[in-house]
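Listed below, chain by chain, are the residues.
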Amino acid sequence: MDWYSTVFELIDMRSFSNLWFWIALAVMWSTASHWVLGVPWDMILRAQRQSDQYDTDLHDIVRINTNRLLNIANVSGLWLLGFGCFFLTLLGLLGFVYRFEFAQAVFLLGFPMSLVGASALSTARLIREEDATGARLYQLLGRQRMITQVIGMLSIFVTALWGMYQNLTYGALG
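Residues numbered from 1 in each chain as written. Predicted model: local features only at pLDDT ≥ 70, side-chain atom pairs only at ≥ 80, totals over all residues. Heavy atoms only, no water.

1. Things to note about the environment of Ile127
Alright, step 1. Take Ile127: it is sitting in helix H5 (residues 101-130).
Alright, step 2. According to the relative accessible area criterion, Ile127 is buried, its value standing at 7%.
Alright, step 3. If near-sequence neighbours (up to four positions away) are discounted, Ile127 is found in contact with Leu37, Val62, Thr66, Ala132, Leu137, Leu140 and Leu141. (Helix = DSSP H or I, 4+ residues; strand = E, 2+ residues; numbered from the N terminus. Buried < 20%, exposed > 50% of the residue type's maximum accessible area, 1.4 Å probe, protein only. Contact = heavy atoms within 4.5 Å.)

Pasting the structure below:
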């Protein structure tokens, strides 16, 4: 008996029935909601509560990350947008028109994260335009985190429904 065929019979290597896909989905959204514009959420909470050196550090790291995001958007934003749309369209077509399950899984990971990225860019622009500090900065960062969490919840829900549908359609025995 071939060792590889035995392993592949025991472990289903399809995307939606693979435990590693669901672990990656959970880790991705957990990480995305923890890091708001590249700033850890616990740092934001600490700066809100203690507002001394932590507040200064928060403003510095938000300024650095905001400038970094906006510089990337200004220098190569159109190219990134074009390539991003190309790859998402490619994954969408391969996944949902040609029924390639791996492309469906990657699309269901990538498309919502592109929405989070667009929202983060919008928040960064707003922070720079308003020169937000203090309570307004905390409000904008909290709003960005809430948007990320809502997109994440919807994404996990849609991905779970689609994954269950795929697993029921495929069947337990192939």
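2. Remarks on the packing of helix H2 (residues 19-34) against helix H6 (residues 134-170)
Alright, step 1. Put simply, H2 and H6 touch, their axes get as near as 9 Å, and they point 170° apart. The angle between H2 and H6 places the two elements in the roughly antiparallel class. Residues Phe21, Trp22, Leu25, Trp29, Ala32 and Ser33 of H2 form the contact with H6, whose participating residues are Arg145, Thr148, Gln149, Ile151, Gly152, Ser155, Ile156, Thr159, Ala160 and Gly163.
Alright, step 2. For the contact of H2 with H6, a count of residues per class yields eight nonpolar, seven polar and one charged. (Axes fitted to C-alpha atoms, helices over the stretch in contact; angles between N-to-C directions. Parallel < 35°, antiparallel > 145°, perpendicular 65-115°, else oblique. Nonpolar A, V, L, I, M, F, W, Y, C, P; charged D, E, K, R; others polar.)

3. Let's talk about the pattern of salt bridges
A side chain of one charge can pair with a side chain of the opposite charge when the charged atoms of the two come close.
Alright, step 1. Scanning all chains against the criterion turns up three salt bridges.
Alright, step 2. Between Arg63 and Asp60 there is a salt bridge, with its nearest N and O atoms 3.8 Å apart. Separated by three residues within a single helix, Arg63 and Asp60 lie in helix H4 (residues 53-97), roughly one turn from each other.
Alright, step 3. On the accessibility criterion, Asp60 (32% relative accessible area) is partly exposed.
Alright, step 4. A salt bridge links Arg136 to Glu130, with the nearest nitrogen and oxygen atoms 2.7 Å apart.
Alright, step 5. Residue Glu130 is classed as partly exposed on the basis of its relative accessible area, which comes to 37%. (Salt bridge = Lys/Arg side-chain N within 4 Å of Asp/Glu carboxyl O.)

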